[in-house]
Amino acid sequence: MTALALERVTKAFGSRTVIRETTLEVAAGERLALIGPSGCGKSTLLRMVLGLVVPDSGTVRVGETPVTEETARAVRRRVGYVIQDGGLFPHLTAGENVTLVARLSQDSERERMRTRVRELAELVRLPEGLLSRHPLSLSGGERQRVGLMRALMLDPDVLLLDEPLGALDPIVRARLQEDLRDAFRKLGKSVLLVTHDMAEAAYLADSIVVMRDGAFLQRGTMKELASSPAHPFVAEFVGAQRTLAESLQ
Amino acid sequence: MTRRVEHLVALVLLVLLVLAGVAFATSASAADPKPIRVGSKRFVESYILAEMVVQLARREGVDAQHEQGLGGTAVVFRAIEDGSIDVYPEYTGTLAEAAMKNGASDLAALRAALAPRGLALSEPLGFENTYALAVSRAVATKLGLTRISDLVAHPELRIALSNEFVGRRDGWPGLVARYGLRFAPPKAIDHALAYEAIARGEADVVDVYTTDAKIARFDLVVLADDLHFFPPYDAVLVYRADLMRRAPAFARVLDRLRGAIDATAMQKMNARADLDGVPFARVAEDFLAGSGASARPSEKVGLLAGTLDVVRRHGPRHLMLVVVSLAMSIVVGVPLGILAYSRRRIGVGVLGVAGVVQTIPSLALFCFFIPLLGIGPVPALAALFLYGLLPIVRNTYTGLVSIPAELREAGVAIGLSPVERLRHVELPLASRTILAGIKTSAVVAVGSATIAAFIGAGGFGEPISTGLSLNDVTTILEGAIPAAVMALLVEGAFVVFERFVVPRGLREAR
């Protein structure tokens, strides 16, 4: 069963082609990383899933639902979305950010909501006391954990993450990578992750798609990409990510 | 939870403010049956004559009120034409030229011209107050000036004229043509200030009214009108023809005033009000009681006591003007700002129109509403409302537009509808900017409302306009100080208000 699918989608902004004809499927429970240099179109693909970018041709489906102007809002409530620095609203507390959409839905029940928030805080390892703070008085890592809670609040089928750890320092980043991996494993959700860090992609995802100039170069596990690159750029990109051992020599 | 309570408190405060304002507004206009309204222009003699009419009418059992110092001839004449006032003192020469524009100057011709407009003229009140040119005695002696014709030989003299005289056909332009004068363009100045100008040597020639008390005080020489340019300026009352039907007793007021005041009496009354600072009502009262000549010492109160009295009498009206007009500006301005944000093309138009309104001088905007809404607080509210609109529309628009793109998109991405985004994300994020716009409007309204007095809306502008026509700094301050204090209080109130309206998370961001 596919969790989400992009079929033969293309996109150009003016005369600049951003996505060449591309097809991508993420199976239920699969964790996939899109990786490539800045401007290769990986974020654009992610945004297509949410209907934030409308493809010039081709179709996008989440589960069985085609993403159109009419269905986009319903789809967004079934898809969790995390961006760099969390994208939290500064005028709401962390807790209010997490529960905003749930509170606006008809079936919001206070007690159930409170239980859910407690579960999520535990899952992303956020001290519950921080939920009454406003985003600007939280650290970057804490904000990211809150952002993840917000994305998970409505128990979505699919989780989209766009450079979620891009703005964090290495120690916080490493700890969050661990916590993210644990959470993904526990939840078993389909994940589409955009990053430019090969090690992060390999650590968090089952398989990796390498992109350049709006097209896919290769899809495979880290091991496959490293041992049999299908394109010189793939070899170069994998090779450019130095290991710690290498750096020490 | 606490947030909800804060919102509730803010809402209740706002509703109370608006209700208070509306209560003032309705109590001000609820007086029924309508009293007859006596207008006056912005100079001492006009105030005194209008006071006399009011007092005589009351003696005859006719309820009357004085709409003080409405402005120049154009404003007052328009006010009586559209029925905003019922009667006001005027001069035949002024009517002939400025208001009628047909040159007829005898009473019969004027009556015939006014009748189709539903207006009538009283018999002359007994004195003439014509325009004249005057120079200081020193200049007159040095250059040997006695007649206007003598000015032809001295084009180097500096002229300072009242605003109205500069523009009237029977004023400066006609005079220049008749006598063949060759002067540099004259300086236009408020009439009360012209005497100061000549006393300080900043001007050589000014226009005066012949009953003006200050001619003697400043030792000016009135130049003879040797070519008979100025038409007769007999003082009369202009009244609405239907007044006799509405208040038949008013005929006795006209009888009482027919030929009742001679030029000397008028000059003395002007001197008491203008030079001794006796209130207009007292001057009028003394004259009607037959003691017009008794120069009772004026009862000057201190600036503090005077200011407090002004606050008590004019404060509620001023506050009403500000609160009601501001409430209207908010109710219309915020949605317009939202519209400008969501429909950018409309937005450009809305901001453009609001910007143009802002450039109209405030007095002009107030006067613009007179033919539509009459005089009094209603046109003042309309003008203040328009003035208050731009800062609110612009700040609402700016506040919304400057929300960071990723936050706006985050609202979309988590599945909020446009209305939910506006309510829960965009307006709260823009709230500080919007509130700043409202604060600007409020402070501007406090200031602009002082000008509303010129169209009879009352408020702190009333002592200011009276003080201007008397050239009395104390009276001006009695209106200006409370207005300034109110502006500061409004600023302070918004600091408190911000705590309720702007979300805590944004205030911490500072």
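Preceding this paragraph is the structure being described.
Residues numbered from 1 in each chain as written. Chains lettered and ligands numbered in written order. Predicted model: local features only at pLDDT ≥ 70, side-chain atom pairs only at ≥ 80, totals over all residues.

As for the overall build of chain A
For the record, the criterion: Only DSSP runs of H or I with at least four residues qualify as helices, and only runs of E with at least two residues qualify as strands; both kinds are numbered from the N terminus onward. Residues are defined as contacting one another if the C-beta atoms placed from their backbone atoms lie within 7 Å.
Broken down by element type, chain A carries 10 helices and 10 strands. Long-range pairs, those at least 24 residues apart, make up 66% of the contacts in chain A between residues at least 6 apart in sequence.

Section: the pairing of strand E6 (residues 159-162) of chain B
All names here are of chain B. Spelled out, the test is: Residues with at least 20 other C-beta atoms within 10 Å of their own are called buried, those with 12 or fewer are called exposed, and the rest are partly exposed. The C-beta atoms themselves are positioned from the backbone. Any two strands with at least two DSSP bridges between them are considered paired.
Side chains of E6 alternate between two faces, with Ile159 and Leu161 and Ala160 and Ser162 buried alike. Sheet analysis places E6 next to strand E8 (residues 205-209), joined by 2 bridges and oriented parallel. Within E8, the residue paired with isoleucine 159 across the bridge is valine 205.

Concerning unusual backbone geometry
The phi torsion at aspartate 213 of chain A lies on the positive side, around 50°, for a residue other than glycine. In this structure, aspartate 213 of chain A sits in the loop between strand E9 (207-212) and strand E10 (215-220). Aspartate 213 of chain A gets classed as partly exposed once you count the C-beta atoms within 10 Å, which come to 15. Despite not being glycine, histidine 228 of chain B shows a phi value in the positive range, around 50°.

Here we look at the environment of phenylalanine 287 of chain B
Structurally, phenylalanine 287 of chain B can be placed in helix H14 (residues 280-288). In this structure, the C-alpha to C-alpha distance between phenylalanine 287 of chain B and methionine 52 of chain B, residues 235 residues apart in sequence, is 8.6 Å.

Description of the nonpolar core
What counts is decided by this rule: Note on terminology: a nonpolar core is a set of buried residues of type Ala, Val, Leu, Ile, Met, Phe, Trp, Tyr or Cys, with members joined through C-beta atoms within 7 Å.
Counting 206 residues, the largest nonpolar core has Val49 and Met149 of chain A together with Ile48, Val53, Val87, Leu321 and Ile455 of chain B as the members making the most contacts within it. Sequence-distant contacts of leucine 321 of chain B, that is, excluding residues within four places in its chain, are made with Pro377, Ala380, Leu381, Leu384, Ala449, Ala452, Ala457 and Gly459 of chain B.

Quick look at the sheet that holds E8 of chain B
Residue and element names in this part refer to chain B. Applicable threshold: For helices, the fitted axis covers only the stretch in contact; all axes are lines through C-alpha atoms, and the angles between them, taken along N-to-C directions, range from 0 to 180 degrees.
In space, the 5 strands of this open sheet follow the order E7-E6-E8-E5-E9, with mixed pairing throughout. Looking at the sheet topology across the chains shown, the edges are occupied by strand E7 (187-189) and strand E9 (220-222). Each strand of the sheet is rotated relative to its neighbour by a mean of 40°, with strand direction disregarded. Its contacts with the sheet put helix H9 (residues 191-199) on strand E5 (131-136), E6, E7 and E8, and the angle it makes with E6 is roughly 160°.

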